[in-house]
Amino acid sequence: MGNAFVNATTQEKVYAICGPEFGPDREGSVVVIHKALYGLATSCERWHAHLSDTLRALGFNPTRFDQDVWIRLGTDEKHYEYICTHVDDFMIVARDPTPLMDKLQDIYTIKSISKPDYYLGNDYKKNANGNWTYGCKKYVKEVLVKVESIFGSLPKRSTPMVTSDHPEDDDSPSLSDTEHTHYQMLIRMLNWMVAIGRFDFAFSTSSLARFVAAPRKGHLDRALHVFGYLKKNPNRRIVIDSRDPIFEGSESALTKDLASEFSSVYPDAAEELDPKLPKPLIKELAITGLVDSDHAHDKVTRRSITGILLFVGRTPVFAMSKRQGAIETSTYGAEFNAMKTAVEETMST
């Protein structure tokens, strides 16, 4: 949306003196700023409130999980329509987004209208099977240019981390102030890429992020190793696929009725449903959580590592790899701790 903030009015009392561009009759006059100009303290909040009022007038409501993802029932009452907003950028998900876009164009100046291509660091395209996929190849290419301008050409790496590596054991020299700043920059870049879907180096990033306060030369080398992996694999993508996931394992494990077994042990257990949960309009999608732990992985603190990967259908939607908050004295304890976290994340999903 062009000139987004000035669609809203400011709540601040801001004054200015007219310059010569206002003409000789008004030059030197004191004026009150009425619009939420860029740079004012409350302009972003005022624009968000203005956009929120507009979307509510169109029948949208913010979802409980993310206040910037808006939902409404489609006109045929057989599907939902969504609008994802981020300041003045937005994406519409609907069977026919044209009528909705026309209404928004009546209110705001829309700079460009197109199918999803690039949004918040992710690039979107369809694969050969017609499924939407997303990745962050464009962002990866940009950060690699920046990183190599500082550290020189990076060798390509096949893995984001050396097998059985333990950064906590590193006793190499501490980084200089400049190198320390560069290290923090690298970790911020990696954290953002993990957040937008590059789950393949979530563990490496989590391991190295623990040392941003006092990194060593070895930690910087490990961070550059991850960027070497990105250089070799810049376009790992996530395929959006609603089909049920494919499981591998023994037939007895896959066909066992765990729900009945759970009910026999906990007969009074019941799922707590959000009273504002939207009415389901399609077949329920399978939510699958994969979870594991590495007991006492950290050789210094003896804290275990939790690893989680959640799927909706066959689409990975959430990944976590981090140290557990307490020291577990057994593999069982570490596994149970990881499972608890996985269940909590699954419930929020």
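Computed from a predicted structure; not experimentally measured.

Draft legend 1. Seen up close, the side chain of Thr-10. Within the fold, Thr-10 resides in the segment before strand E1 (15-17). At 3.1 Å, the side chain of Thr-10 and the backbone nitrogen of Glu-12 are in polar contact. Beyond its immediate chain neighbours, meaning those up to four positions away, Thr-10 contacts Ile-33, His-34, Lys-35, Ala-36, Leu-40, Thr-42 and Arg-46.

Draft legend 2. Quick peek at helix H4 (residues 177-195). The end-to-end C-alpha distance of H4 is 27 Å, a good match for the 27 Å that 19 residues give at a rise of 1.5 Å each. Regarding H4, the residues found buried are His-180, Tyr-183, Met-185, Leu-186, Ile-187, Met-189, Leu-190, Met-193 and Val-194. Of the surrounding secondary structure, the elements contacted by the buried residues of H4 are helix H3 (137-151), helix H5 (202-209) and helix H6 (217-232). Positive backbone phi, approximately 125 degrees, marks Gly-197, located one or two places after H4.

Draft legend 3. Examining the nonpolar core more closely. Ranked by internal contacts, the top residues of the largest apolar core, which has 28 residues, are Tyr-183, Leu-186, Met-189, Leu-190, Met-193, Phe-201 and Phe-227. Those elements that place two or more of their residues in this core are H3, H4, H5 and H6. For this core, the leading source of residues is H4, giving eight residues. Those residues in contact with Leu-190 that sit more than four places away from it in its chain are Phe-201, Thr-205, Val-226, Phe-227 and Leu-230. Of all hydrophobic cores here, the second largest spans 17 residues; its members include Phe-5, Phe-60, Ile-92 and Leu-100.

Draft legend 4. Expanded view of the state of the cysteines. Under the counting rule described, the total for this entry stands at zero disulfides. A disulfide-free cysteine, Cys-44 has its sulfur positioned 17 Å from the sulfur of Cys-84, the nearest such atom.

Draft legend 5. Quick peek at the sheet that holds strand E7 (residues 118-119). Reading across the sheet, the four strands line up as E7-E8-E9-E10 and stay open at both edges, with antiparallel pairing between neighbours. Two strands bound the open sheet, and with one partner strand each, they are E7 and strand E10 (238-239). Across two bridges, strand E9 (residues 132-135) lies against E10 in antiparallel orientation. Following the sheet pairing, Thr-133 is matched in E10 by Val-239.

Draft legend 6. Structural view of the pattern of salt bridges. Tallying each qualifying case throughout the model produces 15 salt bridges. Of the charged contacts, one joins Arg-222 and Asp-170 as a salt bridge, the two residues approaching to 2.8 Å between their closest N and O atoms. Taken together, the residues span a long stretch of sequence, with Arg-222 in helix H6 and Asp-170 in the loop between H3 and H4 at a distance of 52 residues. A relative accessible area of 18% means that Arg-222 is categorised as buried. Using a relative accessible area of 17% as the deciding quantity, one classes Asp-170 as buried. Each of Glu-168, Arg-210, Asp-298 and Arg-323 takes part in one network of salt bridges that share partners.

Cut-offs and rules
Residues numbered from 1 in each chain as written. Predicted model: local features only at pLDDT ≥ 70, side-chain atom pairs only at ≥ 80, totals over all residues. Heavy atoms only, no water. Helix = DSSP H or I, 4+ residues; strand = E, 2+ residues; numbered from the N terminus. Polar contact = N/O pair within 3.5 Å; in protein donor to acceptor, adjacent residues only side chain to side chain. Contact = heavy atoms within 4.5 Å. Expected span 1.5 Å × (residues − 1). Buried < 20%, exposed > 50% of the residue type's maximum accessible area, 1.4 Å probe, protein only. Core = buried A, V, L, I, M, F, W, Y, C linked by side-chain atoms within 4.5 Å. Disulfide = S-S within 2.5 Å. Pairing = 2+ DSSP bridges. Salt bridge = Lys/Arg side-chain N within 4 Å of Asp/Glu carboxyl O.

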